[in-house]
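Chain residues, written in single-letter form:
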Amino acid sequence: MSPSTAPGVHTLGSLTTTPALERLDLVAPPVAALLSSWAHAGEVGVVEIDPANSETAATVDVYGVPLDAGANCVVVMGRRDGAERIAACVVRGDTRADVNNRVKRILDVRKCSFLDHDRAVAESAMAYGGITPVGVPAAWRLLVDARVPATPLVLIGSGFRGS
């Protein structure tokens, strides 16, 4: 990992980003909307990648991104007293979301499962496998592993699989 040379320009493994505000075409519309209004958006970078290499293991193997520098976002849901509870859970690439224990307790539901693929895509307006915490629907809870923001530079999804 190298230090940033300019705002929004970062190097992680063999990837070097471009300031995201200069390439909003590389992020899903809800991500672009949030970045366009966020005071710290200038610090965010984006990089175009081969969609076939967007999975965590491929990102490590092909681009040399350290496993603990990537973060995955999974969308889960559960019900309590007829009310649905949805959360976007963000964990480091070297970790699995503890859906059956920790997330279930936080959401205060009896059973927790991954949100249906088609529904996650429709409600987030992002590609499955590229869903990112940046720009998820406001009604969804956002659960972030404390180690993710403590990591100096984190690679997350863009809402698309190709960046």
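Please refer to the structure placed before this passage.
The rules behind the values
Residues numbered from 1 in each chain as written. Predicted model: local features only at pLDDT ≥ 70, side-chain atom pairs only at ≥ 80, totals over all residues. Heavy atoms only, no water. Core = buried A, V, L, I, M, F, W, Y, C linked by side-chain atoms within 4.5 Å. Buried < 20%, exposed > 50% of the residue type's maximum accessible area, 1.4 Å probe, protein only. Helix = DSSP H or I, 4+ residues; strand = E, 2+ residues; numbered from the N terminus. Contact = heavy atoms within 4.5 Å. Pairing = 2+ DSSP bridges. Axes fitted to C-alpha atoms, helices over the stretch in contact; angles between N-to-C directions. Arc of directions from axis to C-beta. Salt bridge = Lys/Arg side-chain N within 4 Å of Asp/Glu carboxyl O. Polar contact = N/O pair within 3.5 Å; in protein donor to acceptor, adjacent residues only side chain to side chain.

(A) Region of interest: the nonpolar core. Core analysis: the biggest nonpolar cluster contains 23 residues, and Leu-115, Ile-131 and Trp-140 have the highest contact counts within it. Put simply, the parts of the chain that give this core at least two residues each are α1 (29-37), β6 (71-80) and β7 (83-92). Broken down by element, this core gets its largest block of residues, 4 residues, from β6. Apart from the residues lying within four places of it in its own chain, the contact partners of Ile-131 are Cys-73, Val-75, Ala-120, Ser-124, Met-126 and Val-136. Core analysis: the next-biggest nonpolar cluster, separate from the first, contains 9 residues, Val-76, Ala-87, Cys-89 and Val-99 among them.

(B) Fine view of the sheet that holds β7. Read across the open sheet, the 4 strands follow the order β8-β6-β7-β9; overall the sheet is mixed. Looking along the sheet, the strands with just one partner apiece sit at the ends: β8 (112-114) and β9 (141-144). Across the sheet, the mean angle from the axis of one strand to that of its neighbour is 30°, orientation sign disregarded. For β6 and β7, the ladder comprises 10 bridges, and the chain directions are antiparallel. Within β7, the residue paired with Val-74 across the bridge is Cys-89. Packed on one face of the sheet, helix α3 (residues 99-107) meets β6, β7, β8 and β9 and runs near 110° to β8.

(C) Fine view of the pairing of strand β2 (residues 9-12). In the sheet, β2 pairs with strand β3 (residues 15-16) via 2 bridges, with the strands oriented antiparallel. Along β3, the bridge assignment pairs Thr-11 with Thr-16. Counting the residues that bridge the hairpin from β2 to β3 gives 2 residues, and of these Gly-13 lies at a positive phi of roughly 60°.

(D) Representation of helix α2 (residues 56-63). By the burial criterion, the buried members of α2 are Ala-58, Thr-59 and Tyr-63. The buried side chains of α2 occupy one side of the element, clustering within an arc of 100° when seen end-on. Exposed residues on α2 whose side chains face more than 90 degrees from its buried face are Ala-57 and Asp-61. Once α2 ends, the next one or two residues include Gly-64, with phi positive near 70°.

(E) Molecular detail of the environment of Asp-68. Within the secondary structure, Asp-68 is located in the loop between α2 and β6. Judged by its relative accessible area of 37%, Asp-68 falls in the partly exposed class. For the pair Asp-68 and Val-136, spaced 68 residues apart in sequence, the C-alpha separation works out to 23 Å.

(F) Geometry of the pattern of salt bridges. Taken as a whole and assessed by the stated rule, the structure comprises 9 salt bridges. Linking Glu-55 and Arg-161 is a salt bridge whose minimum nitrogen-to-oxygen distance equals 2.7 Å. Of this pair, Glu-55 sits in the loop between β5 (45-46) and α2 while Arg-161 sits in the segment after β9, placing them 106 residues apart in sequence. The salt bridge partner of Arg-79 is Glu-84, with a shortest N-O separation of 3.4 Å. Through salt bridges with shared partners, a single ionic network connects Arg-79, Glu-84, Arg-119 and Glu-123.

(G) Molecular detail of the side chain of Ser-158. Along the polypeptide, Ser-158 turns up in the segment after β9. Taking the relative accessible area as the measure of exposure, Ser-158 reaches 5% and is therefore buried. There is a polar contact of 3.2 Å between the side chain of Ser-158 and the backbone oxygen of Phe-160. There is a polar contact of 2.5 Å between the side chain of Ser-158 and the side chain of Ser-163. Among residues more than four places away in sequence, those in contact with Ser-158 are Leu-26, Val-27, Ala-28, Val-31, Gly-130, Thr-132 and Ser-163.

Just distances and angles here, no functional claims.
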